[in-house]
Amino acid sequence: MNIDILLGLQWGDEGKGKIVDAISPGYDIIARFQGGPNAGHSLEFNNVKHVLHLIPSGIFHPEKVNIIGNGVVIDPAVFKKEIETLGPPVEELTKRLIISARANLILPGHRMLDAAYEHSKGCLKIGSTLKGIGPAYTDKVARNGLRVGDILNIKFRELYNEHLKRHLETLKNYDLPFDIKEYEAGWVEGIEMLRKFRIVNTEYLINDLTSKGKKLLAEGAQGTMLDVDFGSYPFVTSSNTISAGACTGLGISPKRIGEVFGIFKAYCTRVGSGPFPTELNDKTGADLREIGHEFGATTGRPRRCGWLDLPALRYAIMINGVTQLFMTKSDVLSGFGEVKVCTSYLSNGKECPEIPFDNAPVEPVYVKMPGWKTDITGIREFSKLPQNLKSYIKFIEEQTGIPVTMVSVGPDREETIFR
Ligand code: GDP
Ligand code: IMO
Ligand code: MG
């Protein structure tokens, strides 16, 4: 089986971009299967940091095929900006990147509607990245969407105008000022940029290439706890972020999936609203934020921080069928004399064995473990890691039943230890 999946097991920002880039040399194709410009995937090499929103994290490897799959929602304005700031010339990128004709477009109206819906929710707002994700997926499922392939239709402008009219009509119900014209200008330029790329039925390409033995890595966005079905609904994103999403978001059979790499931080973070049982609203939380530079890669918002949550991790492993665990940001915990891990939840004083579907409050039960007050960023061999960190990893493996096969000790591509 030559199709593997890498996806987030927490609330996003687990370090997917860094690790996809690091393991890309072992693959021929790197394909994003869901989400859109709400994602911010950072990767670093040669002392330069790159943040990707729509483009797969294999793009810096010239010989690889990168695919934006049908499950992704694309904002042409964001796409153009990303292409232009990436580094390699556009002509070179048109060779490396292929886009699904079936991927839905984020229209300017979707962004305005995202802002209007969030505003109207008041204190119950989701904390959306306001990139138009929810309204774009809503139109897709309501069978009202426009897709990337439609930009090749000579009647595209007419089709767009019909959608715009409908969105403006809905926006009249909301008391929020917006200037659609300004955003539209950049969006229309983005359509021209998209036209320079190969727009194909990527499901055929993917199945053809992988049947011939090419290796594909499916790159997830967001994290399992933000999945529209299994996350902390309604405080979630609007796509299936789980391994099943790779099948629907790329057009591959579940029978073809090999490894499912589940990536998690050595602690937890969350941006936006919603339950977060192990959240620390104290100095330790502030220290984690500062040491881990926990500020959103897309919106710059401070991330909420807390200890590792094993009930949530076990749930994510179950839903995704994770075969290997990848742990990132181990170096961030180096400054702490003692670390805590949540092993179970209590609800009204009683053990709560499942993640409550209604986000009912739970109280985390912690075990304390000794920290490893050592700088580990220069270590490249698992055996050389401090004993207390190895014990921390062993504990996670015992608690989840899944091996931790990769440990990340810094943001750079090189700061990665495979076992
Ligand atoms: P993604 O959305 O899952 O790709 O993750 P983000 O890029 O949004 O957030 C992860 C952040 O942590 C980025 O700033 C990365 O550069 C950084 N990062 C990734 N792995 C490590 C690590 O092992 N140690 C440290 N200190 N930073 C890391
Ligand atoms: P990556 O791929 C972290 C969060 C938002 C908000 C909720 C809904 O970088 O891990 P949306 O814009 O999708 O309507 O927002 O989901 N969210 C993310 N949090 N990382 C992400 O992506 C996220 N994408 C969306 O903060 O709470
Ligand atoms: Mg991110």
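Going by the structure above, here's the rest.
Computed from a predicted model, the values in this text were never measured in an experiment.

Draft legend 1. Looking closely at the overall build of the protein chain. When helices and strands are tallied, the protein chain shows twelve helices and 20 strands. Taken over C-alpha atoms, the radius of gyration comes to 21 Å for the protein chain, in line with the 22 Å a tight globule of 419 residues would show. Residues counted as buried form 56% of the 419 residues belonging to the protein chain. Sequence separation of at least 24 residues holds for 77% of the intrachain contacts in the protein chain that already meet a minimum separation of 6.

Draft legend 2. A look at the coordination of the magnesium ion (ligand 3). At the metal site, the magnesium ion (ligand 3) is ligated by D13 (OD) and G40 (O), and these contacts range over 2.0 to 2.2 Å. Of this pair, D13 sits in the loop between strand 1 (3–8) and helix 1 (16–23) while G40 sits in the loop between strand 2 (29–32) and strand 3 (41–45); the two residues are 27 residues apart in sequence, bridging distant segments of the chain. Look at D13 and you get partly exposed, because its relative accessible area is 22%. Its relative accessible area of 11% is what places G40 among the buried residues.

Draft legend 3. Structural context of the packing of aromatic side chains. Taken as a whole and judged by the stated rule, the model has nine aromatic pairs. Ring geometry for F45 and F60: centres 5.4 Å apart, planes at 65°, overall edge-to-face. Of this pair, F45 sits in strand 3 while F60 sits in the loop between strand 4 (48–52) and strand 5 (65–68), placing them 15 residues apart in sequence. For the pair F45 and F60, one class covers both residues: buried. Arranged with centres 5.2 Å apart and planes meeting at 75°, the rings of F79 and F197 form a pair that is edge-to-face.

Draft legend 4. A look at the pairing of strand 3. In strand 3, alternate side chains face the same way, and those of H41, L43 and F45 are buried while those of S42 and E44 on the opposite face are not. Here strand 3 runs beside strand 4; their pairing, made up of five bridges, is antiparallel. Bridging across to strand 4, L43 finds its partner in H50.

Draft legend 5. Molecular detail of the site of ligand 2. Inspection of the region around ligand 2 gives 20 residues, with D13, K16, H41, T129 and T237 positioned closest. Within the contact set of ligand 2, an oxygen atom lies 3.3 Å away from a side-chain nitrogen or oxygen of S128. One of the backbone nitrogen or oxygen atoms of V271 is found 3.2 Å away from an oxygen atom of ligand 2. Considered on its own, ligand 2 offers 550 Å² of accessible surface; in the complex 97% of this is hidden by protein.

Draft legend 6. Representation of the pattern of salt bridges within the structure. Taken as a whole and assessed by the stated rule, the structure comprises 22 salt bridges. Residue D139 is joined to R166 by a salt bridge in which the shortest nitrogen-to-oxygen separation is 3.2 Å. With D139 in helix 5 (residues 133–141) and R166 in helix 6 (residues 156–171), this pair connects stretches of sequence that are 27 residues apart. One salt bridge in this structure joins K212 and D208, with 3.2 Å as the shortest N-O distance. One connected set of salt bridges, linked through shared partners, spans D13, K265, E294, R303 and K329.

Draft legend 7. Structural context of unusual backbone geometry. Here Y233 and P234 are connected by a cis peptide whose omega angle stands at 10°. Positive phi values are uncommon outside glycine, yet L130 reaches one of about 60°. Relative to the elements of secondary structure, L130 occurs in the loop between helix 4 (108–121) and helix 5. Within the chain, K329 stands out as a residue other than glycine whose phi angle is a positive 60°.

Draft legend 8. Just the site of ligand 1, in detail. Ligand 1 sits among 19 residues. The nearest are K16, G40, S42, D331 and S408. Within the side chain of S42, an N or O atom sits 2.5 Å from an oxygen atom of ligand 1. If you list the elements that add at least two residues to the shell around ligand 1, you get helix 1 and strand 3. No other element matches helix 1, which puts three residues into the shell around ligand 1.

Draft legend 9. Layout of the packing of helix 4 against helix 7 (residues 180–195). Close contact between helix 4 and helix 7 brings their axes to 9 Å; oriented N to C, the two are set at 140°. Judged by the angle between their axes, helix 4 and helix 7 are oblique. The handedness of the crossing between helix 4 and helix 7 is right-handed. In contact with P108, G109, R111 and M112 of helix 4, helix 7 contributes I180, Y183, E184 and W187. Per-class residue counts for the contact of helix 4 with helix 7 are five nonpolar, one polar and two charged.

Draft legend 10. Up close: the packing of helix 11 (residues 310–320) against helix 12 (residues 387–400). Their axes nearest at 10 Å, the elements helix 11 and helix 12 cross at an angle of 55°. Classified by the angle their axes make, helix 11 and helix 12 are oblique. You can see that helix 11 and helix 12 cross each other, and the crossing is right-handed. Contacts from L310, L313, R314 and I317 of helix 11 reach helix 12 at F395, I396, Q399 and T400. Residue classes in the contact of helix 11 with helix 12 are distributed as five nonpolar, two polar and one charged.

Rules behind the numbers
- Residues numbered from 1 in each chain as written.
- Chains lettered and ligands numbered in written order.
- Predicted model: local features only at pLDDT ≥ 70, side-chain atom pairs only at ≥ 80, totals over all residues.
- Heavy atoms only, no water.
- Helix = DSSP H or I, 4+ residues; strand = E, 2+ residues; numbered from the N terminus.
- Rg over C-alpha atoms; globule rule 2.2 N^0.38 Å.
- Buried < 20%, exposed > 50% of the residue type's maximum accessible area, 1.4 Å probe, protein only.
- Contact = heavy atoms within 4.5 Å.
- Donors = N, O, S within 2.8 Å, 3.2 Å for Na, K, Ca; no water.
- Phe/Tyr/Trp six-rings, centres within 6.5 Å; stacked < 30°, edge-to-face > 60°.
- Pairing = 2+ DSSP bridges.
- Near = heavy atom within 4 Å.
- Polar contact = N/O pair within 3.5 Å; in protein donor to acceptor, adjacent residues only side chain to side chain.
- Areas by Shrake-Rupley, 256 points an atom, 1.4 Å probe, with all protein chains shown as cover.
- Salt bridge = Lys/Arg side-chain N within 4 Å of Asp/Glu carboxyl O.
- Axes fitted to C-alpha atoms, helices over the stretch in contact; angles between N-to-C directions.
- Parallel < 35°, antiparallel > 145°, perpendicular 65-115°, else oblique.
- Left-handed = near helix turned anticlockwise from the far one by under 90°.
- Nonpolar A, V, L, I, M, F, W, Y, C, P; charged D, E, K, R; others polar.

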